[in-house]
Amino acid sequence: LSERQSLRASLRHPRFDAHSGCARSRDRRRARHSRRFPRRVPDSPGDLLLPRFAHMPAAMRRESPAGATDHYRPACPGLYATSAAGEAETVFTPAQLQKMDFHVECHLSTAFVTVNTTWVVPGSLLKSAKNDGKKGNITFAMPVTEQTTVTGVSAQMSNKRFASGVMPNKDTKNMKGTRFGRNTAAPLPAHPELFAISIPGVPAGETVHVQATYFTPLDFENGAYVFRAPTRLPTGCMPPNTPLTKVLSVMATARSAYSEQVQVMSPTHPVTLVQAGAGVTQVQLDPIKREKWQNTEFVMVMPVWGGDIAAAGVQQPPAPGDPDRRHAFAIAIAPPKPEAVNPFPRDVIFLLDRSGSMGGGPMDAARAALIAGLKDLTPNDRFNICAFDNLQIFFDQEGLTNATNEAKDAALRWVNVNCQARGTTDIMTPLARALELFSAQPNPGAVPMVFVITDGAVEDEREICTFVERAFKNGGADPAAMLPRVNTFGIGRYANHYFLKMLAGIGRGMNGAAYSPETVEKKMFDLLRASKTPILTNIAVGIPTSAQGVEILPFPVPDLFAGAPVMISGKCVGGLPATIEIQGRVAGGAVWQRSIPVALDLQNNALSIPLDKVFVKQRIDMMTARAWLTQEKHLEQQVIDLSLKHGVPCAHTKLCAFEISLKNETAMKNQKASGGAVSVAKYAVGGAAGVMVIGAMAGGFGDVGASLSNAGGMIANAGSMIGSIDIGGVDVADLS
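**Focus on the overall build of the protein**
1) Next: On a plain count of helices and strands, the protein comes out with 17 helices and 32 strands.
2) Next: A sequence separation of at least 24 residues applies to 75% of the contacts in the protein between residues at least 6 apart.

Shown next, in the form of structure tokens:
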């Protein structure tokens, strides 16, 4: 398929069942496909092609190694041949794996990952319309999550190499991707569950080394930070009886702000201690206990819950040559076990968007998550629900209802009747009404919360932020006052995710997002569950008034929940003192106050990621949201500068891939190390036209027009998108 044809095919079925990602739904889709297109026993997995491809010459079909099985998702980073299977599936047939190494640094609440893989590409995977398998194109694919930020990808062969870099959007206009078989400045189609890029001109039997770097926030589950690495190897990628210990390795480091050794364990693989020190623990897969290795994802767990609230800080001086001479610091506040504290009661109002664009899977999933959230309410809580489009309807028109079993049962029935897709979107009116209800029915000692759940963008978003900011400023003179917490959840690509981040930031709340139908229910319920047990509110950090150049994020500081630790990052000239004060309020209104240590972290041989980069995504997102709100161009430029400095793509920059010679790669690295601005077009083979712009799945600024027309903003499943990523039969001339 041509790129245009493939993209058109991927958009042909924009809506899928809310649980299309689960095995049961996938099997139903395959069964429907089998009934419509009876399958014969294939000679090889490469023969599993749609009937509409049956007329294609054999030279245009991708072949697979004998004995390989069908793979409908890449389970690990690797090189794959791709072929269509059904209307919304893709078969990923792996090359031959030689080595896969994961190097992981878990800093506080963020994991930084470098994965190096080596593959041998059989000629049978390379056959296309232009050749007989002596040379062709292969796809590098890597499973990711909606919160993963890919910061780099590179590939190296015997006579060719590819690299990547971050460029401002304005500098990508002349980048056509001709070295990758493209001829457009449009970004490569992206998907929230899959990072994929096609590597052109690979000779048969070639050994290809691929490196990918990314970072992702750690999950917080049952009182522990959890890291997952996609290490499940596909069938057929290794010779039979090859032990996993021969090809797979994982080195993982966990770093906390506390002086104690970090507890680290793995429920999936045996690990052995490499080194341990104050606040740092490093482990690796244990090669001796090879009989206990399983071919599954690697999971590392770092417990946090204790008997009381714990807090500590860490800071680093600026790196030599960094023009920003401020120290970077981080403050971690960890919750105790839920049973060890007396939680606050809650007043909760759910605002659920029921506009027409929510129809089908998104509404079904949001409704299911809302019902689960209602069941999580305790007898000490009060609640209300509003289903809104261009009109609004409340479960209780008078105000907040005690969360008795009878009231919750009535609410469940109400949700199933009233939360059906219709109309357009108005967020301001129901949000203002929710704040009025809190004021009209004060509940001293309770934490008031509103959850805004929407898939749309509206024209008055800046006015909404200004309205909430003004309302909170007027009501926040009393430090003991419990202002409503505004939590937001964005669904799909048409929601303005920066508006929702900004609104949650102003309202001291949480923000979540889902882009594909199968993740809406889980992601939304995770947000609701994380906010179930408030422990510490109105948190304040005692930074000395004499400190200069102070920057602190998030600000205001969010509340501490049993299901959500607090991570504060910041910068200031000269750094923080050795101890600082932190205070907040616990249930009942008493003031909680602690003097916490702030350790100076100068160097550690187990770590390579500077503290300044650990929270750079948080800084970029909040600065981007603030620049959007104020419409100040100098703030937007600060975001671009920060993105380029740390090599982290954002809304105003893009990750770009390009072919490069060894000589130019060395020169480019030297220029970057010297602090000079790097233009990838200067070093790329084929100049700017040869550079390919890679798409990013980061939440965008929304689309009001699409929202007004009730267009569905969900992303189709990865199987239907991959066709527009693979360049199949396009051969690229050798210019190097």
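Following the structure, the description resumes.
**A short note on the sheet that holds strand S2 (residues 90-94)**
Either a parallel or an antiparallel arrangement is found when strands of a sheet pair, and the pairing is made through backbone hydrogen bonds.
1) Next: Across the sheet, 4 strands lie side by side as S2-S1-S5-S8; this open sheet has antiparallel pairing. Where the open sheet ends on each side, the last strands, each with one partner, are S2 and strand S8 (194-203). Averaged over all pairs of adjacent strands, the angle between their axes in this sheet comes to 45°, without regard to strand direction.
2) Next: Here strand S1 (residues 78-84) runs beside strand S5 (residues 135-143); their pairing, made up of 3 bridges, is antiparallel. Counted as the bridge partner of Leu79 is Phe140 from S5.

**Considerations on helix H8 (residues 497-506)**
1) Next: Within H8, 9 of the 10 residues are buried, which leaves the element mostly enclosed by the surrounding structure.
2) Next: Buried within H8 are the following residues: His497, Tyr498, Phe499, Leu500, Met502, Leu503, Ala504, Gly505 and Ile506.
3) Next: The opening residue of H8, the one whose side-chain oxygen lies 3.1 Å from the backbone nitrogen of Tyr498, is Asn496.

**Re the nonpolar core**
1) Next: In this structure, Leu79, Phe140, Ile199, Phe227 and Met302 are the most contacted members of the largest nonpolar core, which totals 87 residues.
2) Next: Phe350, Ala365, Phe451 and Phe561 belong to the second-largest nonpolar core, a separate cluster that totals 39 residues.

**Looking at the pairing of strand S28 (residues 566-572)**
1) Next: In terms of burial, S28 is largely enclosed, as 7 of its 7 residues are buried.
2) Next: Across the two faces of S28 the burial is the same, with Val566, Ile568, Gly570 and Cys572 and Met567, Ser569 and Lys571 all buried.
3) Next: Judged from the 7 bridges that link them, strand S17 (residues 327-334) and S28 form a sheet pairing that is antiparallel. Among the inter-strand pairings, Phe329 is bridged to a residue of S28, identified as Gly570.
4) Next: Where strand S26 (residues 551-553) meets S28, 3 bridges bridge the pair, whose relative direction is antiparallel. Bridge assignment links Glu551 to a residue of S28, and that residue is Lys571.

**Overview of the pairing of strand S31 (residues 653-659)**
1) Next: Counting buried positions along S31 yields 7 of 7 residues, so the element is predominantly enclosed.
2) Next: The two faces of S31 match: Thr653, Leu655, Ala657 and Glu659 on one face and Lys654, Cys656 and Phe658 on the other face are all buried.
3) Next: Relative to S31, strand S7 (residues 161-168) is paired through 7 bridges, and the arrangement is antiparallel. Residue pairing in the sheet places Phe162 in a bridge with Glu659 of S31.
4) Next: Direction of pairing for S31 relative to strand S32 (residues 692-694): antiparallel, over a ladder of 3 bridges.

**Remarks on the packing of aromatic side chains**
1) Next: For the structure shown, the criterion picks out 9 aromatic pairs.
2) Next: Ring geometry for Phe162 versus Phe180: centroids 5.4 Å apart, planes at 50°, classification tilted. Residue Phe162 is found in strand S7, and its partner Phe180 is found in the loop between S7 and S8; the two are separated by 18 residues along the sequence.
3) Next: Relative accessible area serves as the criterion here: at 3%, Phe180 is assigned to the buried category.
4) Next: Put simply, the rings of Tyr80, Phe92 and Trp119 touch in pairs and so form one group of aromatic residues.

**Some words on the sheet that holds S17**
1) Next: The strand order across the open sheet formed by 8 strands is S26-S28-S17-S16-S30-S29-S25-S27, and the pairing between neighbours is mixed. The sheet terminates laterally at S26 and strand S27 (560-561), the two strands that pair on one side only.
2) Next: By the bridge criterion, 2 bridges tie strand S25 (residues 534-542) to S27 in an arrangement that is antiparallel. Within S27, the position partnered with Pro534 by the bridge is Phe561.

**Here's the deal with the pattern of salt bridges**
1) Next: Within the structure shown, the criterion is met by 29 salt bridges.
2) Next: A salt bridge links Glu659 to Arg179, with the nearest nitrogen and oxygen atoms 2.8 Å apart. In this pair, Glu659 is assigned in strand S31 and Arg179 in the loop between S7 and S8, connecting sequence segments 480 residues apart.
3) Next: Overall, the relative accessible area of 4% leaves Arg179 in the buried class.
4) Next: Note that Asp601 and Arg255 form a salt bridge whose closest N and O atoms lie 2.2 Å from each other. Of this pair, Asp601 sits in the loop between strand S30 (591-600) and helix H10 (611-614) while Arg255 sits in strand S12 (residues 248-255), and the two are 346 residues apart along the sequence.
5) Next: Judged by its relative accessible area of 14%, Asp601 is buried.
6) Next: On the accessibility criterion, Arg255 (4% relative accessible area) is buried.

**Looking at the environment of Leu273**
1) Next: Its place among the elements puts Leu273 in strand S13 (residues 271-277).
2) Next: Given a relative accessible area of 51%, Leu273 falls into the exposed group.
3) Next: As for Leu273 and Ala252, which are separated by 21 residues in sequence, their C-alpha atoms are 10.0 Å apart.
4) Next: The residues contacting Leu273, other than those within four sequence positions of it, are Thr281, Gln282 and Val283.

**Describing helix H9 (residues 517-530)**
1) Next: An ideal rise of 1.5 Å per residue puts 20 Å on 14 residues; H9 measures up with 21 Å between its terminal C-alpha atoms.
2) Next: Considering only its buried residues, H9 is in contact with strand S18 (346-353), helix H4 (361-375), strand S22 (447-454), strand S23 (485-491), strand S24 (511-514) and S27.

**Focus on the packing of H4 against helix H5 (residues 405-418)**
1) Next: At a closest axis distance of 10 Å, the pairing of H4 and H5 adopts a crossing angle of 170°. Between H4 and H5, the angle is such that the two are roughly antiparallel. Residues Arg367, Leu370, Ile371, Leu374 and Lys375 of H4 pack against Lys408, Ala411, Leu412, Val415 and Asn416 of H5.
2) Next: When grouped by side-chain class, the residues that make up the contact of H4 with H5 number 6 nonpolar, 1 polar and 3 charged.

**Some remarks on the environment of Ala513**
1) Next: Position of Ala513 among the secondary structure elements: in strand S24.
2) Next: Owing to a relative accessible area of 23%, Ala513 belongs among the partly exposed residues under this scheme.
3) Next: Separated by 367 residues in the primary sequence, Ala513 and Glu146 place their C-alpha atoms 8.1 Å from one another.
4) Next: Apart from residues no more than four positions distant in its own chain, Ala513 is found in contact with Glu146, Phe489, Gly490, His497 and Lys523.

**A short note on the confidence of the model for the protein**
1) Next: In this model, the protein carries a mean pLDDT of 82, and residues with pLDDT of at least 70 account for 82%.
2) Next: Here residues 1-70 is a poorly scored stretch, pLDDT under 50, and it has 112 contacts once near neighbours within four places are set aside; other chains count.
3) Next: Note on residues 723-736: pLDDT under 50 across the span, and 47 contacts to partners over four residues away in sequence or across chains.

Thresholds applied
Residues numbered from 1 in each chain as written. Predicted model: local features only at pLDDT ≥ 70, side-chain atom pairs only at ≥ 80, totals over all residues. Heavy atoms only, no water. Helix = DSSP H or I, 4+ residues; strand = E, 2+ residues; numbered from the N terminus. Contact = heavy atoms within 4.5 Å. Pairing = 2+ DSSP bridges. Axes fitted to C-alpha atoms, helices over the stretch in contact; angles between N-to-C directions. Buried < 20%, exposed > 50% of the residue type's maximum accessible area, 1.4 Å probe, protein only. Polar contact = N/O pair within 3.5 Å; in protein donor to acceptor, adjacent residues only side chain to side chain. Core = buried A, V, L, I, M, F, W, Y, C linked by side-chain atoms within 4.5 Å. Phe/Tyr/Trp six-rings, centres within 6.5 Å; stacked < 30°, edge-to-face > 60°. Salt bridge = Lys/Arg side-chain N within 4 Å of Asp/Glu carboxyl O. Expected span 1.5 Å × (residues − 1). Parallel < 35°, antiparallel > 145°, perpendicular 65-115°, else oblique. Nonpolar A, V, L, I, M, F, W, Y, C, P; charged D, E, K, R; others polar. pLDDT = per-residue confidence, 0-100.

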